[in-house]
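Take a look at the letters that make up each chain.
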2 protein chains.
Amino acid sequence: MKMMIDNILVTGRLVNEIKNLVANLQLSQSFRFKEEATIQQDDFMWADAFVGFGPSPTFHLEELKWVHSLGAGVDSFLRGTEWNKNVLLTRTVCSFGQKISEYCLSYMLSDLQNHHLFEKIQTEKRWEVQPPRSLASQTVIVFGTGKIGEELAKKLTHFGCHVIGVSQSGKPNPSFNISGSIKETSKYFQQANWIINTLPLTNQTVHFFNDELLSNFNEAVFINVGRGDSVHQPSLLSAIDEGHIKRAILDVFDEEPLPSTSSLWDHPNIMMTPHISAVTSPEEGVNCFIQTLEKIGRNEMLENEVDVMKGY
Amino acid sequence: MKMMIDNILVTGRLVNEIKNLVANLQLSQSFRFKEEATIQQDDFMWADAFVGFGPSPTFHLEELKWVHSLGAGVDSFLRGTEWNKNVLLTRTVCSFGQKISEYCLSYMLSDLQNHHLFEKIQTEKRWEVQPPRSLASQTVIVFGTGKIGEELAKKLTHFGCHVIGVSQSGKPNPSFNISGSIKETSKYFQQANWIINTLPLTNQTVHFFNDELLSNFNEAVFINVGRGDSVHQPSLLSAIDEGHIKRAILDVFDEEPLPSTSSLWDHPNIMMTPHISAVTSPEEGVNCFIQTLEKIGRNEMLENEVDVMKGY
């Protein structure tokens, strides 16, 4: 379906950077760049398209033809609301796979190369040889075999990791050494050194990492670069206590910023980062948005269109 | 030249592990497995071949036909002595390139992903977004374009790093984005984020990293996975003071174990590890030795033969 997009409302934390970048592009469309809190009813009446990281406080779909998410996840748009299927929803697909790969590899390598041990023995002026372990000795279970999980698998297998991809559909994906549904892959869970969550948040993945799933693992390190709500937090804490999970590295939380009252901050087996594993840069955000806008204008296939029924 | 190897003397820190592995192989040769300190004159009279990490205290070449180094570097055999060119010298070539790549990447990624910052702000229960920098934004100068430097370049360019290889000969190497002699590549030094030394220690590379060379850089991080003696230590310390070098990550030292009196231990800009970036495992050590032994028996080309004039 060909669609005329004339008026575009842009918001979110990158609004000023995007305004400057778009100004250089001499586009034929009209733009309004607004902070989320200042968007009014009139803006939504005017706009054909909404561009942001999530719905603004006054967000509603009625007059919109297209919503473009500046992030990879669209759960904030879809969850808890009724989407109008006539409104196109697209998401940002850029170098997130590479970014998340580097994030995961950094923590895997820090562990395998004994960074903390060597830092400690240096302060003690001790020479204590402890050979690193190689990536090729590691088994990694990646939950989610979409664009991000796939790119991660390519990077990990390049180093000889044994990478198993788990997806809802179980559709085979050749970027993984093995891929399939939970049922097909659960026999490998026991031998996993690493579990990496890249799943989108949908009604099917809320509290997906629960007691039952986590009890399959044995001293694995859990990395969450997906969404905080995919993890049932009490289950994760029990799994750490029981040794199913050795350590957790969390970049995403059910509430962000994580409140200072959370018990996660000073848990000795939890390492956390403030949702930085795949930050959209202004340049990449604008590139993806402009490419999508141009494809819509030419009525071309959109690779970043969200299936609102599936939620990703 | 075909060579009969019947009697093999094995020594060094892996001697017991190698003894066990060799025992399973049903080889026709005779072996003596000895700790370095217990090797006697008679052992050298008996042996055709010597296998170890370096010369034992009583080491001499007279009756030997072949010396095989269990490490990648052969400087301990060649430097300060006169080698008899009739004696074949081979070295261990195995997954050292992969190992050193993982070592270097671990420290590069830890820095680019702000590990220390995030560790600190977690203890302060602070949510402070600091986006990681990507490997693709980094320029790396690799000194040494041999097997190890080449494998490192392949891994780094896979992530989009801009990798420049520097060698004595300047011979082009397609695994690097750019390669050449110091003269040909020095124009890139100013923009380097990382300098990695993989050079072998020879008479040409002793104190190679001196004031003159290091003054070309601007806030680069220096990683030494080659040999400690390639660096003139006072020059490195001045280069850190003057900002040419931002930080040094050292795995090798002119004296090992590093004496507790060394000023390097508590230098705030020096991170050190106890020569672990490329540890020979017993299995890999035996594999490479056996392959070399078999090739000698069949009079085949040896890829791991050392050019004793060049020293590598």
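Residues numbered from 1 in each chain as written. Chains lettered and ligands numbered in written order. Predicted model: local features only at pLDDT ≥ 70, side-chain atom pairs only at ≥ 80, totals over all residues. Heavy atoms only, no water.

As a further point, take the side chain of Q122(A). Looking at the element boundaries, Q122(A) is found in helix α5 (residues 115-123). Taking the relative accessible area as the measure of exposure, Q122(A) reaches 8% and is therefore buried. Contacts of Q122(A), omitting those with residues within four sequence positions, involve L264(B), W265(B), I270(B), M271(B) and M272(B). (Helix = DSSP H or I, 4+ residues; strand = E, 2+ residues; numbered from the N terminus. Buried < 20%, exposed > 50% of the residue type's maximum accessible area, 1.4 Å probe, protein only. Contact = heavy atoms within 4.5 Å.)

Let us now look at the packing of helix α1 (residues 15-23) of chain A against helix α10 (residues 282-297) of chain A. Residues and elements named next belong to chain A. With their axes 9 Å apart at the nearest point, α1 and α10 run at an angle of 55 degrees to one another. The angle between the axes of α1 and α10 places the two elements in the oblique class. Of the two elements, α1 crosses α10, and the hand of that crossing is right-handed. Across the interface between the two elements, E17, I18, L21 and V22 from α1 touch P282, E283 and V286 from α10. Of the residues that constitute the contact of α1 with α10, the class distribution is five nonpolar, no polar and two charged. (Axes fitted to C-alpha atoms, helices over the stretch in contact; angles between N-to-C directions. Parallel < 35°, antiparallel > 145°, perpendicular 65-115°, else oblique. Left-handed = near helix turned anticlockwise from the far one by under 90°. Nonpolar A, V, L, I, M, F, W, Y, C, P; charged D, E, K, R; others polar.)

For the pair chain A and chain B, the superposition axis carries a translation of 0.0 Å, the fit reaches an RMSD of 0.0 Å, and the rotation angle comes to 180 degrees. Look at the turn and shift together and you get a two-fold axis relating the two. In terms of C-alpha distance to the rotation axis, chain A has S106(A) as its closest residue, with the C-alpha 3.0 Å off the axis. (Least-squares fit on C-alpha atoms with pLDDT ≥ 70 in both.)

So, about the interface of chain A and chain B. Contacts between the two partners involve 47 residues from chain A and, on the opposite side, 47 residues from chain B. Interface area for chain A against chain B, summed over the two sides, is near 4,100 Å², with a carbon-plus-sulfur share of 66%. Considering only the side of chain A, the residues that lose the most area to chain B are Q122(A), W127(A) and W265(A), jointly responsible for 20% of the buried surface there. Where chain A meets chain B, there are two salt bridges. Run the count over chain A and chain B and you get 16 residue pairs in polar contact (both at pLDDT 80 or more). When residues of the side of chain A that touches chain B are traced back to their parent elements, those giving at least two are α4 (96-112), α5, α6 (147-158) and β12 (270-272) of chain A. By residue number, the principal contributor to the side of chain A that touches chain B is α4(A), which donates nine residues. Here the side of chain A that touches chain B is composed, by residue class, of 24 nonpolar, 13 polar and ten charged. (Buried area = accessible area lost by both parts, 1.4 Å probe. Salt bridge = Lys/Arg side-chain N within 4 Å of Asp/Glu carboxyl O. Polar contact = N/O pair within 3.5 Å; in protein donor to acceptor, adjacent residues only side chain to side chain.)

All right, on to the pairing of strand β1 (residues 7-10) of chain A then. Residues and elements named next belong to chain A. Neither face of β1 is open: one carries N7 and L9, the other I8 and V10, and all of them are buried. Here β1 runs beside strand β2 (residues 30-33); their pairing, made up of four bridges, is parallel. Across the sheet, V10 pairs through a bridge with F33, a residue of β2. After leaving β1, the chain enters α1 and then returns to the sheet as β2, a path that is right-handed. Here β1 pairs with strand β3 (residues 49-52) via three bridges, running parallel. Bridge pairing in β3 links I8 to A49. (Pairing = 2+ DSSP bridges. Right-handed = clockwise from strand over helix to strand, strands pointing away.)

This part is about the pattern of salt bridges. All names here are of chain B. Under the defined criterion, the tally for this structure stands at 30 salt bridges over all chains. A salt bridge links D75 to R227; its shortest N-O distance comes to 2.7 Å. Placement of D75 in helix α3 (residues 75-78) and of R227 in the loop between β10 (220-224) and α9 (233-241) is noted, with a sequence separation of 152 residues between them. Overall, D75 belongs to the buried group, its relative accessible area being 13%.

So, about the packing of aromatic side chains. In this structure the tally under the stated criterion is 35 aromatic pairs over all chains. Taking the centre distance of 4.8 Å and the plane angle of 70 degrees together, the rings of F50(A) and F59(A) count as edge-to-face. Exposure class is identical for F50(A) and F59(A). Each is buried. Here the aromatic residues F143(A), F189(A), F208(A), F209(A), F217(A) and F222(A) are joined through ring pairs into a cluster of three or more. In this structure, R32(B) is placed above the aromatic ring of W46(B), and the distance from its NZ or CZ to the ring centre is 4.2 Å. Across from the ring centre of F159(A), 5.4 Å away, lies the NZ or CZ of K155(B), which sits over that ring. (Phe/Tyr/Trp six-rings, centres within 6.5 Å; stacked < 30°, edge-to-face > 60°. Lys NZ or Arg CZ within 6 Å of the ring centre and 35° of its normal.)

Function-wise, these values are silent; they only describe arrangement.
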